[in-house]
Amino acid sequence: MWDYEVSKIIVERFFEKLNDNLNVDVAIVGGGPSALSASYYLSKKGLKVAIFEAKNEPGGGTWGGGMMFNELVVENDIKSFLDELGMNYLIKNNFISVDSVHFASSLLYNATKAGAILFNNVIVEDIVLYENKVNGIVINWAPVIRQKLHVDPITIMAKFVVDGTGHPANVVNMLVDRGIDIDLPIGKIREYPMNAKEGEKFVVENTKEVFPGLYVMGMAAVSVGGGPRMGPIFGGMIKSGLKVANKILEKLSIEVK
Ligand code: 48H
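Please read all numbers here as calculations on a predicted model, not as lab measurements.

A. Representation of the overall build of the protein in the model. Looking only at helices and strands, the protein features nine helices and 11 strands. A compact globule built from 257 residues would reach a C-alpha radius of gyration of about 18 Å, and the protein, at 18 Å, matches this within 12%. Based on the C-alpha atoms only, the size of the protein along its principal axes is roughly 55 × 50 × 40 Å. Looking at the protein as a whole, 49% of its 257 residues qualify as buried. Considering only contacts in the protein between residues 6 or more positions apart, those separated by 24 or more positions represent 66%. Total accessible area on the protein is roughly 12900 Å²; 55% of this is exposed by carbon and sulfur atoms.

B. Summary view of the site of the ligand. Near the ligand, the surroundings consist of 27 residues, among which S34, E53, G61, R229 and G231 are the closest. E53 has a polar side-chain atom sitting 2.7 Å from an oxygen atom of the ligand. For the ligand, a nitrogen atom lies 2.9 Å from a polar atom in the backbone of V124. For the ligand, whose free accessible area comes to 790 Å², the fraction covered by protein is 90%. Of all the secondary structure elements, the ones that give two or more residues to the shell around the ligand are α2 (33-44), β2 (49-53), β7 (122-130) and α8 (218-225). If one sorts the elements of the shell around the ligand by residue count, β7 sits on top with three residues. For the shell around the ligand, the residue count by class is 11 nonpolar, 13 polar and three charged.

C. Seen up close, unusual backbone geometry. Residues other than glycine seldom take positive phi values, yet M68 does so here, at roughly 65°. Its place among the elements puts M68 in the loop between β2 and β3 (71-75). Positive phi, close to 55°, is recorded for N93, a residue that is not glycine. Relative to the helices and strands, N93 resides in the loop between β4 (90-92) and β5 (95-99). Since its relative accessible area comes to 72%, N93 is described here as exposed.

D. Broad picture of helix α7 (residues 196-205). For α7, the set of buried residues is G199, E200, F202 and V203. For α7, the angular spread of buried residues about the axis comes to 165°, placing them on one side. Across α7 from its buried face, at more than 90 degrees, point the exposed residues K197 and E205. Along its buried surface, α7 packs onto β3, α8 and α9 (235-251).

E. Structural detail: the packing of aromatic side chains. According to the stated counting rule, one finds seven aromatic pairs in the structure shown. Pairing F14 with F119 gives two aromatic rings, centres 6.1 Å apart and planes at 90°, and the pair type is edge-to-face. Here F14 is found in helix α1 (residues 2-20), whereas its partner F119 is found in strand β6 (residues 117-120), with 105 residues between them in sequence. According to the relative accessible area criterion, F14 is partly exposed, its value standing at 23%. Relative accessible area serves as the criterion here: at 4%, F119 is assigned to the buried category. Ring-pair connections join several aromatic residues into one group, and the members of that group are F14, F15, F52, F119 and W141.

F. Structural context of the nonpolar core. Membership of the largest hydrophobic core comes to 44 residues, with the highest contact counts inside it found for V26, I28, V74, F103 and I248. Top contributing element to this core by residue count: α9, with seven residues. Once you skip the residues sitting within four places of it in the chain, I28 turns out to touch A35, A38, S39, V49, A50, I51, F52, V162 and M217. Among the nonpolar cores identified, the runner-up in size contains 30 residues, and V134, V161, V171 and I182 belong to it.

Criteria and thresholds
Every residue gets a number counted from 1 within its own chain, in the order that chain's sequence is written. Whole-chain, interface and lining totals are the exception, using all residues; otherwise, since this is a predicted model, local features are given only for residues with pLDDT of at least 70 and side-chain atom pairs are given and counted only at 80 or more. Side-chain numbers come from the whole structure's heavy atoms, not from hydrogens or water. The helix and strand labels rest on DSSP assignments: H or I over at least four residues marks a helix, E over at least two residues marks a strand, and numbering proceeds from the N terminus. Values of the radius of gyration come from C-alpha atoms, whereas the globule rule sets the reference at 2.2 Å times the count of residues to the power 0.38. Burial classes follow relative accessibility: with a 1.4 Å probe on protein chains only, a residue under 20% of its type's maximum area counts as buried, one over 50% as exposed, and anything between as partly exposed. Contacts were defined at the residue level, with two residues in contact if any of their heavy atoms lie within 4.5 Å. Only the protein chains shown count as covering a residue, and every accessible area follows the Shrake-Rupley method with a 1.4 Å probe. Being near a molecule or strand, for a residue, means having at least one of its heavy atoms within 4 Å of it. In protein, a polar contact means a hydrogen-donor-capable atom and an acceptor-capable atom, both N or O and within 3.5 Å, with residues adjacent in sequence counting only if both atoms are side-chain atoms; elsewhere, any N or O pair within 3.5 Å suffices. Side-chain classes are defined by residue name, with Ala, Val, Leu, Ile, Met, Phe, Trp, Tyr, Cys and Pro counting as nonpolar, Asp, Glu, Lys and Arg as charged, and the others, Gly among them, as polar. Arc definition: it is the arc formed by the directions from the helix axis to the C-beta atoms. Ring pairs are drawn from Phe, Tyr and Trp, using the six-membered ring of Trp, whenever the two centres fall within 6.5 Å, and their geometry is named by plane angle: stacked under 30 degrees, edge-to-face over 60, tilted for the rest. Nonpolar cores were defined as sets of buried Ala, Val, Leu, Ile, Met, Phe, Trp, Tyr and Cys residues, with membership established by side-chain atoms within 4.5 Å.

This is how it looks when you write it as structure tokens:
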């Protein structure tokens, strides 16, 4: 009875994965490029990492390159990271050009190959807060949220939660909306107009713990810090993900590169 066996394998394996990830070291919200580079590195260092992505297709804003020209640019100084991940690319003066579909799929392959578990079609709708520290996330199926079904969520406990939700900084917003005191340098969540060079620097500088137990990376770090956007250059996203990973490893006194 193949039909029975196929369904049984899927159901059993999915619930094994879910059960195994109800309490993780790091819960990463969003499956964009910063999330995938952070997850790759943290998993490689032996941490239990789960990524929660609202869409069916993880990868965030990488797939479409710039204006659907499916090529993107990173800075020369992350060449060794691309090499480590086995990516193909072309060097163009100070920049590196990478096929955006190849970039997205390489990040996804390497993060999951290193051991990170990715739950797609799952929306993080809230955080778990104990004694002024973020201790986990609250999840539900994306269709439940989109269809506005009255179905309660479940929780994932985590030592560290990382907001990798991109431009809207959705996780940080969950604190701000409640009026919970959080360090916002310009008093609100807002990104500024395009300035690629400044934006690339800003995103890395503003990758940090913004509230006990909660870190920001990628475009969420730009919006929370109040910095400029940078368009289809993605080196800063990778560096931001790696910086968050290093910050978490430092907190756990695990040796970093
Ligand atoms: C689950 C969620 C939730 C939620 C959102 O936007 P992303 O690609 O994230 P980054 O920051 O790693 O990369 C940003 C980059 O793609 C980009 O947009 C750049 C460089 N822009 C520059 C510019 O000038 O425009 O991915 C975030 C992911 C998405 O896939 C969302 O679906 C997901 O997070 N997400 N997942 N629960 N509550 N909110």
